[in-house]
Amino acid sequence: MTLTFEDFPQGHFGSFGPKHVTREEIIGFAAEFDPQPMHLDEEAARASMLNGLSGSGWHLCSLMMRMLFDGFIGRTASLGSPGVNEVRWISPLRPGDDLMLDVEVVEARVSRSRPATGIVTFKCVVRNAAGETLCEMISPIIVERREGRGG
């Protein structure tokens, strides 16, 4: 079943995961995309304000996007996103973390310029197994309405 605009009422939408993160994944992502010492080297990471090896915030955002896609966006009549309103990295991503993603619809409105679509704004919160919040994101997506899909 394809999810359309009407399937996203305001409030809690769902929880997704867990997604396990390994040391090798953290270092591999950092080596390619964010080669700062606290993401690559245990000793340098211990000496940093993060006090240990931590994943890049961009890695965490990539993992969140994967969890969003696997959780529901992959079966949503999404037309893309106009951007991200806010991203906050609150606590470090650590090797061995098991991530959970909570998704809330904070707003859903019909587009004024394209009434066959709606704009759904999500608040996404990633937590580790201890319940510690690692990242928060607020982002809209453009979603087809049922009537825009022919019924």
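Our structure is the block above this text.
Residues numbered from 1 in each chain as written. Predicted model: local features only at pLDDT ≥ 70, side-chain atom pairs only at ≥ 80, totals over all residues. Heavy atoms only, no water.

K.L.:
Whenever I open this one, the side chain of E136 confuses me. Can you help?
P.N.:
Structurally, the position occupied by E136 is in strand β6 (residues 133-144). Discounting residues that sit within four places of it in the chain, E136 has contacts with E86, V87, R88, I90, K123, C124 and V125. (Helix = DSSP H or I, 4+ residues; strand = E, 2+ residues; numbered from the N terminus. Contact = heavy atoms within 4.5 Å.)

K.L.:
I would appreciate a short explanation of the state of the cysteines in the present structure.
P.N.:
Considering all chains together, one arrives at zero disulfides under this definition. Looking at C124, it has no disulfide partner, and the nearest cysteine sulfur is the one in C135, 8.9 Å off. The class of C124 is buried, set by a relative accessible area of 2%. Sulfur of C135: no disulfide; nearest cysteine sulfur belongs to C61 and is 4.6 Å away. (Disulfide = S-S within 2.5 Å. Buried < 20%, exposed > 50% of the residue type's maximum accessible area, 1.4 Å probe, protein only.)

K.L.:
Please clarify how the packing of aromatic side chains should be interpreted in this entry.
P.N.:
For any two aromatic rings, the description comes down to two numbers: the centre-to-centre distance and the angle of the planes. By the definition in use, this model includes nine aromatic pairs. On the numbers, 5.0 Å between centres and 45 degrees between planes, the contact of F29 with F33 is tilted. With a gap of four residues between them, F29 and F33 both fall in helix α1 (residues 23-33), about one helical turn apart. Note on F29: relative accessible area 16%, which makes it buried. Judged by relative accessible area, which is 54%, F33 ranks as exposed. (Phe/Tyr/Trp six-rings, centres within 6.5 Å; stacked < 30°, edge-to-face > 60°.)

K.L.:
How should I be thinking about the nonpolar core in this particular structure?
P.N.:
Within soluble globular proteins, side chains that are nonpolar tend to cluster in buried spots. Ranked by internal contacts, the top residues of the largest apolar core, which has 29 residues, are L68, F72, L99, L101 and F122. Those elements that provide at least two residues to this core are α4 (57-71), β4 (98-110), β5 (117-127) and β6. In contact with L68, other than residues within four places in its own chain, are I73, L101, V103, C124 and M137. (Core = buried A, V, L, I, M, F, W, Y, C linked by side-chain atoms within 4.5 Å.)

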